[in-house]
Amino acid sequence: MIRKVILALGLTLLGGCAHVGVKPWQRDILARNAMALDSEGNLSGYHDHIYFSKEGSTGGRNASGGGCGCN
Amino acid sequence: MQLIETGACPVRKLGRIAAGLSMLSANLLGASAALAQDSGDDEPQVVVHDLMKEPAPGPNTYVYDSSILFYKESGSRVQAVEPVFNVQNYLTNGSIISGNFTFDTLTGATPNGATPSTSDQTFNSIVREKTTSTQVTSTGASGGGTVTTIPGTAYAKSSYSVPARTLPLASFHDHRFAGNGGLSWLANPDTRLNVGLGASVERDYTSFTANFGIARDLNQKNTTLSLSVNLEEDISRPYNGTPAPFQELNSQIGGGNDTKATYGVLAGVSQTLARFWITQVNFNLSGSKGYQADPYRIVSVVDPVSGAPLDYLFESRPRSRTRESVYWGNKLALGPTVADVSVRYYHDTWGINSLTAEVSEQIPLGGSLYIKPLYRYYHQTAANFFTYYLVNGNALPAYASSDSRLSRFNANTIGGKIGVRVFKTGEFYVEGESYRQTGAHTVANAPGQLSGLDLFSGVHAISVMTGLRLRM
């Protein structure tokens, strides 16, 4: 089910992508560090580690989560 | 606009304005390029003192991030201290070299898996003598346990007690060292490749990871498609050996080490939707085969009428697990603030479905200070083999675990971060969080005494993370 939803979403996004976006000179805000999709550095790693060790789910934003015997 | 009110030639005037506009455009383009830092030149970093307007790291830059986590669970449970050092070197040719080093110290107590009881409980087990200094031998609640050598063997009898109506905890302490390194480079102006290797070593667990990824920019870099593959090999070396599924706690364990292999694929697309909005959708599929149980965790076998504990068995979990998740993340610049909004749906073959939603808002307070309140909601269903206890006389199921991480619960995280500009290009930050799991504390139709006992063993934890990020 997830795979079908993803496929549909992906195709929709890709289909519309060619008409969406900004010109290179409009990237001033997007180029800021605060706008990076993962701008939290070490804090992201701490969050992933805490949630991985206390919950049954992992993954999503990135493929991390493993690498320790805490779960 | 005053184009025609003077005596100057309108055409010449228009030409000067056009030339001026061209220069202005060129300057804007130049500024954008400097901010974007993706041209590959080796100009020095643009120093922006406003934290919220600082550009992403560009070529010829080192970024150092040193931080420490203090984590504490209520009820004398787990405490952890975790320093992390991370360095990234952005080279002039667009390559990025990164390294990360982590050291954990964990102490405290964790649920051993048994249910509470209306009477005191004593947990007897056979342990390897050489390991008793680090292995579970006592509980914080009971204040201590005993270890008695079995003459002529390498084993000892371990015993600890837990008071009535108390969640049985087993104390432990451990250290973990982890390191990983990565290299990312441009195969061409629109295609970036990356590889990474990592290792994590604990006294009873070792893990090796490797990953490879590719990202391709399309549509004037407004769209990025990415694909990465992760491989992981884990070696579990329990202090007393690996117990067989449903082996009695008070018995000698014959199993040695065991392993787990994991593969993962992550496919994603990120898309610039507007000047102030970038969005990302990821699909993550991973599979694990091998030993996936907790070698120290037990399940109570209770009397079908009184609910009193009669025996304790080591848990049993499937040796195969497939996980799928879809993640949707967004960064939105709303005026001077930046919002981070994300949702994740997760499903696995153990029967766990979960939903995660996170939102945070980075708010500037002047140019050199910001605050960032955050909230996270999490809900998961139980694994199909989760149970608080086994009933004596019933046939054993194929799998059973009382691990609260496999139970049905909600979790709420509330926290906030403060970032302050230090030196010219550094940031000092502190983040504090409260993480609380909530769930059902009783089970319908529980036998006897268990109907009146609190069986939920979810955690409430406070964590403080602080660090210094320097860009040079």
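What you are looking at is a predicted structure, and each value in this text was computed from that prediction instead of being measured.

## Topic: the packing of aromatic side chains
So, point 1. Inspection of every chain in the model, using the stated rule, returns 10 aromatic pairs over all chains.
So, point 2. Taking 5.8 Å as the distance between ring centres and 5° as the angle between the ring planes, the aromatic pair formed by Tyr62(B) and Tyr64(B) counts as stacked.
So, point 3. Residue classification places Tyr64(B) among the partly exposed positions, given a relative accessible area of 25%.
So, point 4. Three or more aromatic residues link up through ring pairs in this structure, and these residues are Tyr62(B), Tyr64(B) and Phe85(B).
So, point 5. For Arg321(B), the ring lying beneath its charged end belongs to Trp350(B), and the centroid distance is 4.0 Å.
So, point 6. Note that Arg376(B) overlies the ring of Tyr51(A), its terminal NZ or CZ placed 3.5 Å from the centroid.

## Some thoughts on the pattern of salt bridges
Residues and elements named next belong to chain B.
So, point 1. Under the definition given, this model contains 22 salt bridges over all chains.
So, point 2. The partner of aspartate 348 in a salt bridge is arginine 321, with the nearest N and O atoms 2.8 Å apart. Taken as a pair, aspartate 348 in strand 16 (residues 337–348) and arginine 321 in strand 15 (residues 320–334) lie far apart in primary sequence, 27 residues in all.
So, point 3. A single salt-bridge network, built from bridges that share partners, covers Asp294, Arg297, Glu315, Arg317, Asp403 and Arg405.

## Considerations on the sheet that holds strand 5 (residues 145–149) of chain B
To summarise the sheet geometry, strands pair through backbone hydrogen bonds and adopt either a parallel or an antiparallel arrangement.
Residues and elements named next belong to chain B.
So, point 1. Reading across from one edge, 4-6-5 is the order of the three strands in this open sheet, with antiparallel pairing throughout. What marks the edges here is a single partner per strand, and that holds for strand 4 (121–128) and strand 5. The average undirected angle you get between the axes of adjacent strands in this sheet is 20°.

## So, the domain arrangement of chain B
Residue and element names in this part refer to chain B.
So, point 1. Split into domains, chain B comes out as domain 1 (11–119 + 164–471) and domain 2 (120–163).
So, point 2. On the domain 2 side, the residues contacting the 29 residues of domain 1 number 22 residues.
So, point 3. Regarding the contact of domain 1 and domain 2, the summed buried area is about 2100 Å², with carbon and sulfur atoms giving 50% of it.
So, point 4. When the buried area of domain 1 at its contact with domain 2 is split by residue, Ser171, Tyr239 and Asn240 rank highest and sum to 26% of it.
So, point 5. Inspection of the region where domain 1 meets domain 2 yields zero salt bridges.
So, point 6. For the pair domain 1 and domain 2, the interface holds six residue pairs in polar contact (both at pLDDT 80 or more).
So, point 7. For the side of domain 1 that touches domain 2, the secondary-structure elements that each account for two or more residues are strand 7 (169–188) and strand 14 (309–314).
So, point 8. Taken together, the residues of the side of domain 1 that touches domain 2 break down into 14 nonpolar, 13 polar and two charged.

## Let's talk about the pairing of strand 8 (residues 191–202) of chain B
All names here are of chain B.
So, point 1. When strand 7 meets strand 8, the two strands line up antiparallel, connected through 12 bridges. Bridge pairing in strand 8 links phenylalanine 177 to valine 201.
So, point 2. Counting the residues between successive antiparallel strands, the hairpin from strand 7 to strand 8 contains two residues.
So, point 3. Pairing of strand 8 with strand 9 (residues 205–218), which is carried by 11 bridges, proceeds in the antiparallel orientation. Across the sheet, the residue bridging to leucine 197 is alanine 210, located in strand 9.
So, point 4. Connecting strand 8 to the antiparallel partner strand 9 that follows it, the hairpin turn spans two residues.

Thresholds, definitions, all that
- Residue indices begin from 1 for each chain and proceed along its sequence in written order.
- Chains and ligands are labelled sequentially in the order written, the chains with letters from A and the ligands with numbers from 1.
- Note on the predicted model: pLDDT of at least 70 is required for a residue's local features to be given, and 80 or more for side-chain atom pairs to be given and counted; whole-chain, interface and lining totals, by contrast, use all residues.
- Side-chain metrics in this entry use all non-hydrogen atoms of the structure; hydrogen atoms and water are not considered.
- Any pair of Phe, Tyr and Trp rings, taking the six-membered ring for Trp, is counted once the centres come within 6.5 Å. Such a pair is stacked with planes under 30 degrees apart, edge-to-face with planes over 60 apart, and tilted for the rest.
- Relative accessibility under 20% of the residue-type maximum defines a buried residue, over 50% an exposed one, and the middle range a partly exposed one, all with a 1.4 Å probe and only protein chains included.
- Remark: a charge is flagged as sitting over a ring if the NZ atom of Lys or the CZ atom of Arg is within 6 Å of the ring centre and within 35 degrees of the ring normal.
- Each salt bridge in this description consists of a side-chain nitrogen of Lys or Arg and a carboxyl oxygen of Asp or Glu lying within 4 Å of one another.
- Strands are runs of DSSP state E lasting at least 2 residues, helices are runs of H or I lasting at least 4, and numbering of each runs from the N terminus.
- Note on pairing: DSSP must find at least two bridges between two strands before they are called paired.
- Geometry is summarised by axes, namely lines fitted to C-alpha atoms with helices restricted to the contacting stretch, and by angles between N-to-C directions that run from 0 to 180 degrees.
- Here the limits of each domain have been adopted from an automatic or database domain assignment.
- The criterion used for residue contact is that any of the two residues' heavy atoms lie within 4.5 Å.
- The quantity reported as buried area is the accessible area (1.4 Å probe) lost by two parts once they are put together, taken as the sum for both.
- We define a polar contact as two N or O atoms separated by no more than 3.5 Å, with the added condition that, inside protein, one atom must be a possible hydrogen donor and the other a possible acceptor, whereas residues neighbouring each other in sequence contribute only through side-chain atom pairs.
- Each residue is assigned to one class: nonpolar for Ala, Val, Leu, Ile, Met, Phe, Trp, Tyr, Cys and Pro, charged for Asp, Glu, Lys and Arg, and polar for all the others, Gly among them.

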